[in-house]
Amino acid sequence: PFAVIEREELFYGDATGDGKTDLSDVILLCRHRADFNWDTGESSVTLGGTGDADGNGEVDLSDVILLCQYLADYDWDTGESSVVLGPKK
């Protein structure tokens, strides 16, 4: 079993839309991108939330990478990660 980071609202990177950040978000983003049809600009794999981890308005591999970095750096003692999700300021 993987650890889960609970959230109360949808936020950047919550691809499943379940209010949690965990490996299931990364897996869903990977499935979404693997099924992406470049001709139609769509994927048959539906995201339940926003897979846009970096907040640039697109769901792409940079979101997968950022979300992996976020989860790898998550500190369970402080409840924080030095990797910031969402638009860069």
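Look above for the structure.
Calculation notes
Residues numbered from 1 in each chain as written. Predicted model: local features only at pLDDT ≥ 70, side-chain atom pairs only at ≥ 80, totals over all residues. Heavy atoms only, no water. Helix = DSSP H or I, 4+ residues; strand = E, 2+ residues; numbered from the N terminus. Buried < 20%, exposed > 50% of the residue type's maximum accessible area, 1.4 Å probe, protein only. Contact = heavy atoms within 4.5 Å. Patch = residues over 30% accessible without salt bridge, like charges linked within 9 Å, V, L, I, M, F, W, Y side chains within 5 Å. Areas by Shrake-Rupley, 256 points an atom, 1.4 Å probe, with all protein chains shown as cover. Salt bridge = Lys/Arg side-chain N within 4 Å of Asp/Glu carboxyl O. Lys, Arg positive; Asp, Glu negative; His and termini not counted. Charge placed at Lys NZ, Arg CZ, Asp CG, Glu CD. Phe/Tyr/Trp six-rings, centres within 6.5 Å; stacked < 30°, edge-to-face > 60°. Core = buried A, V, L, I, M, F, W, Y, C linked by side-chain atoms within 4.5 Å. Polar contact = N/O pair within 3.5 Å; in protein donor to acceptor, adjacent residues only side chain to side chain.

Asks: Which residues make up the overall build of the protein chain, and what values do they have?
Replies: For the protein chain, the count of helices and strands is two helices and two strands. For the protein chain, the succession of helices and strands along the chain, N to C, is β-β-α-α. Counting across all 89 residues of the protein chain, residues that qualify as buried make up 37%. Excluding contacts between residues fewer than 6 apart, the proportion of contacts in the protein chain whose partners are at least 24 apart in sequence is 47%.

Asks: Kindly report on a negative patch on the surface, identifying the contributing residues and their values.
Replies: A cluster of acidic residues, Asp73, Asp75, Asp77 and Glu80, forms a negative patch at the surface. By secondary structure assignment, the location of Glu80 is in the segment after α2 (61-73).

Asks: Run through the packing of aromatic side chains, naming residues and quoting values.
Replies: For the coordinates displayed, the defined rule picks out three aromatic pairs. A centroid spacing of 4.7 Å and a plane angle of 70° characterise the contact between Phe36 and Trp38, whose relative ring orientation is edge-to-face. By relative accessible area, which is 18% here, Phe36 ends up buried. A centroid spacing of 6.1 Å and a plane angle of 55° characterise the contact between Tyr70 and Tyr74, whose relative ring orientation is tilted. For Tyr70, a relative accessible area of 6% gives the class buried. One aromatic cluster is present, built from ring pairs that chain together Tyr70, Tyr74 and Trp76.

Asks: Break down the nonpolar core for me, citing the residues and quoting the values.
Replies: With 15 residues, the main nonpolar core has Leu29 and Leu85 as its most contacted residues. Leu85 has contacts with Phe11, Tyr12, Ala53, Leu66, Leu67 and Tyr70, leaving out every residue within four places of it along the chain.

Asks: Hey, could you go over the side chain of Ser81 for me, with residue numbers and the actual values?
Replies: Tracing the backbone shows Ser81 in the segment after α2. Of the residues examined, Ser81 reaches a relative accessible area of 17% and is grouped as buried. Side-chain polar atoms of Ser81 contact the side chain of Asp73, separated by 3.3 Å. For Ser81, the side chain forms a polar contact with the main-chain nitrogen of Val83, separated by 3.2 Å. Ignoring sequence-local partners within four residues, the contact set of Ser81 consists of Tyr70, Asp73 and Tyr74.

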